[in-house]
Amino acid sequence: MRGAVIHAPGDVRFEQLDDPRILKPTDAVIRTVATCVCGSDLWAYRGAEPIGDPHPMGHEYVGVVEEVGSAVDSVRPGQFVVGSFATSDNTCANCRNGWQSSCLNREFMSTCQAEYVRIPNAHGTLVATEDQPGAEFVPSLLAVSDVMGTGWYAAVAAGVEPGSTAVVVGDGAVGLCGVIAAKELGAERIIAMSRHESRQKLALEFGATDIVTERGEEGVARVKDLTGGIGADSVLECVGTAESMSQALHSTRPGGNVGFVGVPHEVAVDGQELFFSHVGLRGGPAPVRRFLPDLIERVLSGRIDPGKVFDLTLPLDQVAEGYKAMDERRAVKTLLTP
């Protein structure tokens, strides 16, 4: 098969790779129907994370089951499936508590920008749709495998509830999906922080009520202006930088909550400041598997359409251009079709 391999910052190639095969009884192999480039992939692409030896890339996927291991009875060959970037057996204590991304047998997916993918813990990770979904649903189902599931978790971790005010820090795909999540969970006011017109329009379409273009202290001041001087009930931090975390914490009212899902890079939280702020802080890798059945149903019923975050679709063999377009902010998110 063929797939994406990163060799160095700015150097992603589409290469011949070994075909995936069943290594454990709990594995499955799927034929990829769609995959994509994630904003978190850009950390390595931009040289902000060490790359080491050349290695495959990608952790978002939907596809059709080709083969299953002897211990997999939850899905079967021929079914269309959606999975998570963090695999889980869905039976350990952490999974039963709803934290599948901390499964005791967790593995992180990292080979999904390819024609075929081996899925560890397939019996607990993959969720099959009842029928083969129409092509129009594929982008949104792909979004559910990470960015929609992660945006949903950001809203849950931030404690969004009916009638509340939510702020979304970050206008990438996760932040935009966080707007959807806040709307679905009943937030009355949703403040999206964005400087980019196309992303502002999509945020408003997804349910944002206000747009704040300022950043840093000016952004915090603007949020305070919009919230009676005290800050928001819930803030979704969807970037992962020191600036975005600071902006999120300072935009939250005493007693409010920050849900942080941006992979932190050089983020440090002052314990004394947090102590006196009365702000709650929860985040981490999203337990997407917890939300998959509900989110898949919302997509197939037409209630949500997170696939709109894909504003560039390319053949998989043009994956390098997909990275470049996102790096240069010519695209919010690139969908790749084998």
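Conventions and cut-offs
Residues numbered from 1 in each chain as written. Predicted model: local features only at pLDDT ≥ 70, side-chain atom pairs only at ≥ 80, totals over all residues. Heavy atoms only, no water. Pairing = 2+ DSSP bridges. Helix = DSSP H or I, 4+ residues; strand = E, 2+ residues; numbered from the N terminus. Right-handed = clockwise from strand over helix to strand, strands pointing away. Phe/Tyr/Trp six-rings, centres within 6.5 Å; stacked < 30°, edge-to-face > 60°. Buried < 20%, exposed > 50% of the residue type's maximum accessible area, 1.4 Å probe, protein only. Lys NZ or Arg CZ within 6 Å of the ring centre and 35° of its normal. Salt bridge = Lys/Arg side-chain N within 4 Å of Asp/Glu carboxyl O. Axes fitted to C-alpha atoms, helices over the stretch in contact; angles between N-to-C directions. Contact = heavy atoms within 4.5 Å. Polar contact = N/O pair within 3.5 Å; in protein donor to acceptor, adjacent residues only side chain to side chain.

Visitor: Just to check I follow, could you spell out the sheet that holds strand 4 (residues 55–56) for this structure?
Guide: Backbone-to-backbone hydrogen bonds join strands into a sheet, with any given pair of strands oriented parallel or antiparallel. Strands sit in the order 2-1-4 across an open sheet of 3 strands; the sheet is antiparallel. The open sheet has two edge strands, strand 2 (11–16) and strand 4, and neither has a second partner.

Visitor: What exactly am I supposed to notice about the pairing of strand 17 (residues 312–315) here?
Guide: Every other side chain in a regular strand lies on the same face of the sheet, so the side chains alternate between the two faces. Here 4 bridges tie strand 17 to strand 18 (residues 334–337), and the two strands are oriented parallel to one another. Pairing of P315 across the sheet is with T337, part of strand 18. Each parallel crossover has a hand, and the one from strand 17 via helix 12 (residues 319–327) to strand 18 is right-handed.

Visitor: Help me understand the packing of aromatic side chains, please; the structure alone is not making it clear to me.
Guide: By convention here, two paired aromatic rings are described through the distance between centres and the angle between planes. By the definition in use, this model includes 4 aromatic pairs. Seen in terms of ring centroids, Y45 and Y323 are 5.2 Å apart; in terms of plane orientation they differ by 35°. Their pairing is tilted. Note that Y45 is positioned in helix 1 (residues 41–45) and Y323 in helix 12, a separation of 278 residues in sequence. Across the pair, Y323 and Y45 agree in class, each one buried. It is R290 that lies over the ring of W99; its NZ or CZ is 4.8 Å from the centre.

Visitor: Is there a simple way to think about the pairing of strand 5 (residues 61–68) in this case?
Guide: Of the strand pairs in this sheet, strand 3 (residues 28–36) and strand 5 are connected by 7 bridges, and their pairing is antiparallel. Paired with A34 across the two strands is V62, which belongs to strand 5. Pairing of strand 5 with strand 6 (residues 80–82), which is carried by 3 bridges, proceeds in the antiparallel orientation. Residue pairing in the sheet places V64 in a bridge with F80 of strand 6.

Visitor: Any chance you could explain the pattern of salt bridges here in plain terms?
Guide: A side chain with one charge may pair with a side chain of the opposite charge, provided their charged atoms come close. On inspection of all chains with the given rule, the structure shows 18 salt bridges. What emerges from the salt-bridge pattern is a single network uniting E184, D294, R298 and R303.

Visitor: Just to check I follow, could you spell out the sheet that holds strand 12 (residues 189–193) for this structure?
Guide: Pairing within the open sheet is parallel, and its 6 strands lie in the order 13-12-11-14-15-16. For this open sheet the edge positions go to strand 13 (210–212) and strand 16 (280–283), each flanked by a neighbour on one side alone. Across the sheet, the mean angle separating the axes of adjacent strands is 20° when strand polarity is ignored. Summarising the sheet, strand 11 (residues 165–169) and strand 12 pair through 5 bridges and their orientation is parallel. Across the sheet, V168 pairs through a bridge with A192, a residue of strand 12. In the packing of helix 5 (residues 147–157) onto the sheet, contacts are made with strand 14 (232–237), strand 15 (252–260) and strand 16, and the angle to strand 15 comes to roughly 155°.

Visitor: Which parts of the structure should I look at to understand the side chain of D27?
Guide: Mapped onto the fold, D27 is located in the loop between strand 2 and strand 3. Take D27: its relative accessible area is 0%, and that puts it in the buried class. A polar side-chain atom of D27 sits 2.8 Å from the main-chain amide nitrogen of K24. Apart from the residues within four sequence positions on either side, D27 is in contact with R21, I22, V68, G69, V72, R118, I119, P120, N121 and A122.

All we've got here are geometric facts, nothing functional implied.
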